[in-house]
Amino acid sequence: MAAAASEGKTGGVQSVERAFELMELIGRAGGECSLSHLSGESPLPPPTIHRLLRTLVGIGYVRQLPNKRYALGPRLIRLGEVANRQLGAVADPVLEALVAELSETASLAVLDGDMVIYTAQVPSPHTMRTNNEVGRRVNLHNSGVGKAILAELDDARILKLVSQAGMPATTKYSVTSLSGVFAEVERVRSNGYSVDEQEQELGVRCVAMAVPGAPTPMAVGISGPTSRMDDELQERAILALRRATGVISEALIGAREA
């Protein structure tokens, strides 16, 4: 009975699952937060949270700041760098194939706290092209990759993330209300893809699609000037994205199950 009680919801060790859940909460809070914040966000009792944090601090995966808040620790940096290289090894050939087929910039973005961050990109061969630099963070509510990721989340989490980050009007086409965001999310869920119609940058259209079953919410986007990203190219991009996200999904799920 004791052994069964120690098993988590995925069949793993419960304390390990709980420790990672706490680190995820710290990450969603922007990389640091207070013990009271964690207690409010986690169903775990405060003594359990404190015990897990003490263990994580001791091994370097979490650090306690002078103001008593908790932050992600330096040992995660090395793991993140390795994971990013592995993700790039999977995604880069897929992005290259998209650019070869469509001649527009292809990017991979991952949920990062209450925003999305570009982790890989292959630029268009055209002189005039979009450039979503690796490492750039953009809002969820008005970017193609962001909206594709939002549609994968439950409504409560969408409300929390968008409210936390705000809804700045990057251009005159940006949605700036919660009702508008949820209407767009429903559209993405119905269509299976998102469209950023000059919402992030004037003169630029992006079509994006989430990677199904990804361990961390992520999406692939195709972007280019509206002068080239017409309806015909958009339809081709949707078909290409469906294939591309499927390839990435299979690779990630296969690696996780290996």
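These numbers come from a predicted model, not from an experiment. (Residues numbered from 1 in each chain as written. Predicted model: local features only at pLDDT ≥ 70, side-chain atom pairs only at ≥ 80, totals over all residues. Heavy atoms only, no water.)

Points about the sheet that holds strand E7 (residues 194-197)
Argument step 1. Strand order in the open sheet made by the 6 strands is E6-E5-E4-E9-E8-E7, with antiparallel pairing throughout. In the strand order of this sheet, the two ends are held by strand E6 (137-138) and E7, each with one partner.
Argument step 2. One ladder, built from 6 bridges, connects strand E4 (residues 105-112) with strand E9 (residues 218-225); its direction is antiparallel. The residue bridging Ser107 from the neighbouring strand is Gly221, located in E9. (Pairing = 2+ DSSP bridges. Helix = DSSP H or I, 4+ residues; strand = E, 2+ residues; numbered from the N terminus.)

Looking at the sheet that holds strand E1 (residues 32-33)
Argument step 1. Read from one edge to the other, the open sheet built from 3 strands follows the order E1-E3-E2, with strand pairing classed as antiparallel. The open sheet is flanked by E1 and strand E2 (62-64), the only strands paired with a single partner.
Argument step 2. As paired elements, E1 and strand E3 (residues 70-72) share 2 bridges and run antiparallel to each other. Pairing of Cys33 across the sheet is with Tyr70, part of E3.
Argument step 3. Each of E1, E2 and E3 is contacted by helix H2 (residues 14-28), which is oriented at about 95 degrees to E3, the strand it contacts most. (Contact = heavy atoms within 4.5 Å. Axes fitted to C-alpha atoms, helices over the stretch in contact; angles between N-to-C directions.)

Re the domain arrangement of the chain
Argument step 1. Here the chain is partitioned into domain 1 (14-72) and domain 2 (77-255).
Argument step 2. Centre-to-centre separation of domain 1 and domain 2, based on C-alpha positions: 29 Å.
Argument step 3. Each side of the interface is counted separately: domain 1 has 4 residues, and domain 2 has 6 residues.
Argument step 4. Taking both sides of the interface into account, the surface hidden between domain 1 and domain 2 amounts to around 410 Å²; carbon and sulfur atoms contribute 40%.
Argument step 5. When the area that domain 1 buries against domain 2 is broken down by residue, the three leading residues are Arg28, Glu41 and Tyr61, summing to 84%.
Argument step 6. Where domain 1 touches domain 2, the interface holds 1 salt bridge.
Argument step 7. Here Glu41 and Lys160 are joined by a salt bridge, their closest N and O atoms 2.3 Å apart.
Argument step 8. Counting across the interface, domain 1 meets domain 2 through 1 residue pair in polar contact (both at pLDDT 80 or more).
Argument step 9. Across the side of domain 1 that touches domain 2, the residue classes break down as 1 nonpolar, 1 polar and 2 charged. (Domains from an automatic or database assignment. Buried area = accessible area lost by both parts, 1.4 Å probe. Salt bridge = Lys/Arg side-chain N within 4 Å of Asp/Glu carboxyl O. Polar contact = N/O pair within 3.5 Å; in protein donor to acceptor, adjacent residues only side chain to side chain. Nonpolar A, V, L, I, M, F, W, Y, C, P; charged D, E, K, R; others polar.)

Some words on the environment of His50
Argument step 1. If you trace the backbone, His50 turns up in helix H4 (residues 46-59).
Argument step 2. For His50, a relative accessible area of 34% gives the class partly exposed.
Argument step 3. Spatially, the C-alpha atom of His50 lies 9.3 Å from that of Ser39, the residues being 11 residues apart in sequence.
Argument step 4. For His50, the residues in contact, after removing those within four places along its chain, are Leu35 and Tyr70. (Buried < 20%, exposed > 50% of the residue type's maximum accessible area, 1.4 Å probe, protein only.)

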